[in-house]
Amino acid sequence: MTHPSSSSFETRPLSAALGVEVRGADLAGPDAEAQWDELHRLFLAHHVLCIRDQKLEPESQLAFARRFGRPEIHPIVEGTDEHPEVVRVFKPAGESASFGVGWHTDNSFFAEPSLGSILYGVTIPPVGGDTLYANQELAWDALSPALQERLMGLHGVHSASRAYDPATTGTAKYEGKASIRYRWSDSIREEVVHPVVRTHPETGRRSLYVNPMFTLRIAELHEGEGRALLGFLFEHCARPEFQARLRWEPGTVAVWDNRCVWHYAMDDYRDHDRLMMRVTIAGDRPV
Ligand code: SIN
């Protein structure tokens, strides 16, 4: 089902909830400038772009990222020597993946979490290795007005510790794996506080802003109360009807809006390599 539109691209929804597949884009070529406004409109409307048939070098991936904002250097996951903002997300055959497996929004443990992420598929397993997305605006809209009102005054406490601290995750997650390079410091345990409900700075739409990987507790609630509320929200936010599934091809570029989308990297391709190049874009303080 292809939807003709005023767009110069061929577009097709990834699901009824979010995401759009885009063909006919040229992220690194002479048409990139002329196509930018349309791509950005699709990004804000659908939250996830799945742009097919691209050929990017680290420089051109960074140039595309700069259209959205400033590419970041990740404080824990090391980039390449030549381009510290570009992370090689590599899992060789025989290993289990240690990166992005579990629902999260990128870097919500930053005081100013990433606006979005750009992932370029280089080596794609013949089956598996999909990325799942969940629309947190729909998750917010589906709550009862009474619960929405209660959540408006609450704040989540976010930290990298649950995902990245070997003392919490167990060392097995990292042992024997040289494919992704980490640098650990005490900053892994730093905590930041963000509203449970955030307003999108460009569209004005509200979304839930907690996630199972990085949100540890609710600042205003006793521990058990916060755990129960987060348990409910984590289940609610991942409901299948809020989701889309991106099937990668070599040359696919995914761009997602981290301000209103969760994602989950599937670890189901043990016998195959998977290599992606990832850039995140600096965002602002959630309000
Ligand atoms: C990530 O969480 O940024 C990685 C997603 C993926 O590898 O599919």
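Reference entry: report on the structure contained in this document. (Residues numbered from 1 in each chain as written. Predicted model: local features only at pLDDT ≥ 70, side-chain atom pairs only at ≥ 80, totals over all residues. Heavy atoms only, no water.)

**Looking at the overall build of the protein chain**
Here is step 1 of the chain: Looking only at helices and strands, the protein chain features 7 helices and 15 strands.
Here is step 2 of the chain: Projected onto its principal axes, the C-alpha positions of the protein chain cover 55 × 45 × 30 Å.
Here is step 3 of the chain: Counting the 287 residues in the protein chain, one finds 54% classified as buried.
Here is step 4 of the chain: Pairs at least 24 apart in sequence give 83% of the contacts found in the protein chain among residues at least 6 apart. (Helix = DSSP H or I, 4+ residues; strand = E, 2+ residues; numbered from the N terminus. Buried < 20%, exposed > 50% of the residue type's maximum accessible area, 1.4 Å probe, protein only. Contact = heavy atoms within 4.5 Å.)

**Structural notes on the site of the ligand**
Here is step 1 of the chain: In the vicinity of the ligand, the contacting residues are Phe99, Gly100, His104, Asp106, Leu119, Thr131, Trp256, His263, Ala265, Arg274 and Arg278.
Here is step 2 of the chain: Between the ligand and the protein, one listed contact pairs an oxygen atom with a side-chain N or O atom of Arg274 at 2.8 Å.
Here is step 3 of the chain: A distance of 2.8 Å separates an oxygen atom of the ligand from a polar atom in the side chain of Arg278.
Here is step 4 of the chain: Considered on its own, the ligand offers 260 Å² of accessible surface; in the complex 100% of this is hidden by protein.
Here is step 5 of the chain: Contributing elements (two or more residues each) for the shell around the ligand: strand E14 (261-265) and strand E15 (274-281). (Near = heavy atom within 4 Å. Polar contact = N/O pair within 3.5 Å; in protein donor to acceptor, adjacent residues only side chain to side chain. Areas by Shrake-Rupley, 256 points an atom, 1.4 Å probe, with all protein chains shown as cover.)

**Here's the deal with the sheet that holds strand E5 (residues 116-123)**
Here is step 1 of the chain: Within the open sheet, the 7 strands sit side by side as E1-E2-E3-E13-E5-E15-E4. Their pairing is mixed. The sheet is open, and its two edges are formed by strand E1 (10-13) and strand E4 (87-91), each paired on a single side. Neighbour to neighbour, the strand axes of the sheet diverge by 20° on average, direction disregarded.
Here is step 2 of the chain: Along the sheet, helix H1 (residues 32-46) contacts E1, strand E2 (20-23), strand E3 (48-51) and strand E13 (253-257); its crossing angle with E3, the most-contacted strand, is approximately 130°.
Here is step 3 of the chain: Across the sheet, helix H2 (residues 58-68) touches E3, E5, E13 and E15, and the angle it forms with E15 is around 35°. (Pairing = 2+ DSSP bridges. Axes fitted to C-alpha atoms, helices over the stretch in contact; angles between N-to-C directions.)

**Overview of the packing of aromatic side chains**
Here is step 1 of the chain: Within this structure, the stated rule accounts for 10 aromatic pairs.
Here is step 2 of the chain: With 5.4 Å between their ring centres and 75° between their planes, Trp103 and Tyr264 make a pair best called edge-to-face. Of this pair, Trp103 sits in the loop between E4 and E5 while Tyr264 sits in strand E14, and the two are 161 residues apart along the sequence.
Here is step 3 of the chain: For Trp103, a relative accessible area of 13% puts it in the buried group.
Here is step 4 of the chain: These aromatic residues form a ring-pair network of at least three members: Trp36, Phe43, Phe64 and Phe68. (Phe/Tyr/Trp six-rings, centres within 6.5 Å; stacked < 30°, edge-to-face > 60°.)

**Some words on the nonpolar core**
Here is step 1 of the chain: The biggest cluster of nonpolar side chains holds 30 residues, and the ones touching the most others in it are Tyr133 and Tyr164.
Here is step 2 of the chain: Counting only elements with at least two residues in this core, the list comes to E3, E4, helix H5 (161-164), strand E12 (243-246) and E13.
Here is step 3 of the chain: Within the second largest apolar cluster, 26 residues are counted, among which are Leu27, Leu62, Phe64 and Ile281. (Core = buried A, V, L, I, M, F, W, Y, C linked by side-chain atoms within 4.5 Å.)

**Quick word on the side chain of Ser117**
Here is step 1 of the chain: In this structure, Ser117 sits in strand E5.
Here is step 2 of the chain: A polar side-chain atom of Ser117 sits 2.5 Å from a polar atom in the side chain of Asp106.
Here is step 3 of the chain: Here Ser117 is in contact with Asp106, Ala254, Val255, Trp256, Val279 and Thr280, once residues within four sequence places are set aside.

**Topic: the pattern of salt bridges**
Here is step 1 of the chain: All chains considered together, the criterion is met by 21 salt bridges.
Here is step 2 of the chain: Among the salt bridges present, the one from Lys55 reaches Glu57, with a minimum N-O distance of 3.8 Å.
Here is step 3 of the chain: Overall, Glu57 belongs to the partly exposed group, its relative accessible area being 44%.
Here is step 4 of the chain: The shortest N-O distance in the salt bridge between Arg205 and Asp141 comes to 2.8 Å. Of the two residues, Arg205 is situated in the loop between strand E9 (197-199) and strand E10 (206-208) and Asp141 in helix H3 (residues 136-141); the sequence distance between them amounts to 64 residues.
Here is step 5 of the chain: With relative accessibility at 38%, the residue Arg205 sits in the partly exposed group.
Here is step 6 of the chain: Three or more residues joined by partner-sharing salt bridges are found here, namely Arg12, Glu21, Arg23, Arg52, Asp53 and Glu249. (Salt bridge = Lys/Arg side-chain N within 4 Å of Asp/Glu carboxyl O.)

**Some words on the state of the cysteines**
Here is step 1 of the chain: Enumeration according to the criterion identifies 0 disulfides in this entry.
Here is step 2 of the chain: The structure places no disulfide on Cys50, whose sulfur is separated from the nearest cysteine sulfur, that of Cys260, by 17 Å.
Here is step 3 of the chain: Taking the relative accessible area as the measure of exposure, Cys50 reaches 0% and is therefore buried.
Here is step 4 of the chain: Free of any disulfide, Cys260 has its nearest cysteine sulfur in Cys237, 12 Å distant.
Here is step 5 of the chain: You can call Cys260 buried: its relative accessible area is 1%. (Disulfide = S-S within 2.5 Å.)

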